[in-house]
Amino acid sequence: MRRQVKLSPGPLLNERGELSQAGYATSLVKEYDRKLVRGGRFRIKEWDYYLIHNSRYGVALTLDDNSYMGLVSISFLDFEKRTEHTASPMTLFPMGKTGFPKSSGAGDVSLEQRNMKMSFRHEGGRRILDGEIQRFENSLPIRVHFELTKEPEDSMVIATPFPKKKTAFYYNQKIIGMRAMGKVEYAGCVYEFKEEDSFALLDWGRGVWTYDNTWYWSAAMGMCGGEVFGFNLGYGFGDTSEATENMLFYKGRAHKLDEVRFLIPGEDVGKIDYLKPWTFTSSDKRLELSFTPILDRKAYTSAGLILSDQHQVFGYFDGEAVLDDGTRLLVNHMLGFAEKVRNKW
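Residues numbered from 1 in each chain as written. Predicted model: local features only at pLDDT ≥ 70, side-chain atom pairs only at ≥ 80, totals over all residues. Heavy atoms only, no water.

(A) Focus on the packing of aromatic side chains. By the definition in use, this model includes 35 aromatic pairs. Summarising the aromatic geometry, the rings of Phe162 and Phe237 are spaced 6.0 Å apart at their centres and angled 25 degrees between planes, so their arrangement reads as stacked. Placement of Phe162 in strand 13 (residues 156-162) and of Phe237 in the loop between strand 18 (227-235) and strand 19 (247-250) is noted, with a sequence separation of 75 residues between them. In this structure, Phe162 and Phe237 share a single accessibility class: buried. Cluster of aromatic residues (ring-pair linked, three or more members): Tyr216, Phe231, Tyr235, Phe262, Tyr274, Trp278, Phe280, Phe291 and Phe317. In this arrangement the basic side chain of Lys256 is found over the ring face of Tyr24, its NZ or CZ atom lying 5.1 Å from the centre. (Phe/Tyr/Trp six-rings, centres within 6.5 Å; stacked < 30°, edge-to-face > 60°. Helix = DSSP H or I, 4+ residues; strand = E, 2+ residues; numbered from the N terminus. Buried < 20%, exposed > 50% of the residue type's maximum accessible area, 1.4 Å probe, protein only. Lys NZ or Arg CZ within 6 Å of the ring centre and 35° of its normal.)

Quick look at the structure:
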């Protein structure tokens, strides 16, 4: 297994706006301060992304401030019908005025305009998520409300530099396996999510990105052997020589993995079929998974210098995962996703 550098407490950036240290942690030990960013005020990107699901339905919520543009996004996923709908109204030149907090553990963020509003709040040890888009599909609105509890002790945290630009970086936390309860009001129906069978994750990101990048990301969460189990896997951008973001989570504790590769059908010949079965393998032989897709949440945007080609594929994982102490867990029909995203931004 190659070297994996653990982050030590302190400021994320030095006085030149460069990462003070690259590596990983299981909590936000580095302190992010937007005022120390030196990569250009139009290059700063901050977002909070939540995914909530049970075995039948899923909801993705995003608040995003990319300096020159921002967005509010809601996706509703029906895993039984294998359908999804997403609406992502954009704002122009928010330039940090959205007001993202410097930590995921405290502080609130919200955005409200004429036809949309969203807020992520902390309240009494819970995360409260509210969102509304008036014209979501066929001129019909969608309203969502969730409360997230039982946050695990450990999470995936990584500080990644970009080799071509010293002031570019990505500071990221993935919290996998929170419990969720709430509801979605959409198209005349109310969809209930109960804590006993609903899970949530948070993708918390702050950084300065270079212009053209492709990333691979996968996560899943559910029950395994009567306990909450999940994983976070990813690669594809930046300099990850100091650490990977690959982790297993069991009973709220993290178990570090080495490199993981996604084997996507047809990618090697430039003809990807996202809905055929994938496989996942780790270099340390501690994770071997098959992935059976059921739904491709895809989006393509090309406007001048901006391009986004996204495929977030939902489906079921089967296979085996090995914890740090050698314990083997059988993964059986666990719902999750795997994605390939290219952005020119």
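(B) Broad picture of the sheet that holds strand 19. An order of 20-19-18-17-25-24-23-22-21 is seen for the nine strands of this open sheet, with the pairing classed as antiparallel. At either end of the open sheet lies a strand with only one pairing partner, and these are strand 20 (253-256) and strand 21 (260-263). Going from strand to strand, the sheet's axes swing by 20 degrees on average, the running direction of each strand aside. As paired strands, strand 17 (residues 212-224) and strand 18 are joined by nine bridges and run antiparallel to one another. Looking across to strand 18, one finds that Cys224 is bridged to Glu227. (Pairing = 2+ DSSP bridges. Axes fitted to C-alpha atoms, helices over the stretch in contact; angles between N-to-C directions.)

(C) Seen up close, the nonpolar core. Residues Ile52, Leu61, Phe146 and Val184 are the most contacted members of the largest nonpolar core, which totals 82 residues. Top element by residues in this core is strand 14 (residues 165-186). It accounts for 10 residues. Those residues in contact with Phe146 that sit more than four places away from it in its chain are Ile52, Val59, Leu61, Arg127, Ile128, Leu129, Met181, Gly182, Lys183, Val184 and Phe193. (Core = buried A, V, L, I, M, F, W, Y, C linked by side-chain atoms within 4.5 Å. Contact = heavy atoms within 4.5 Å.)

(D) Structural context of the side chain of Ser155. Mapped onto the secondary structure, Ser155 falls in the loop between strand 12 (140-149) and strand 13. Residue Ser155 is classed as buried on the basis of its relative accessible area, which comes to 4%. Other than its neighbours up to four places away in sequence, Ser155 contacts Ala25, Thr26, Ser27, Gln173, Lys174, Ile175, Met247 and Phe249.

Scope: geometric values only; no functional claims are made or implied.
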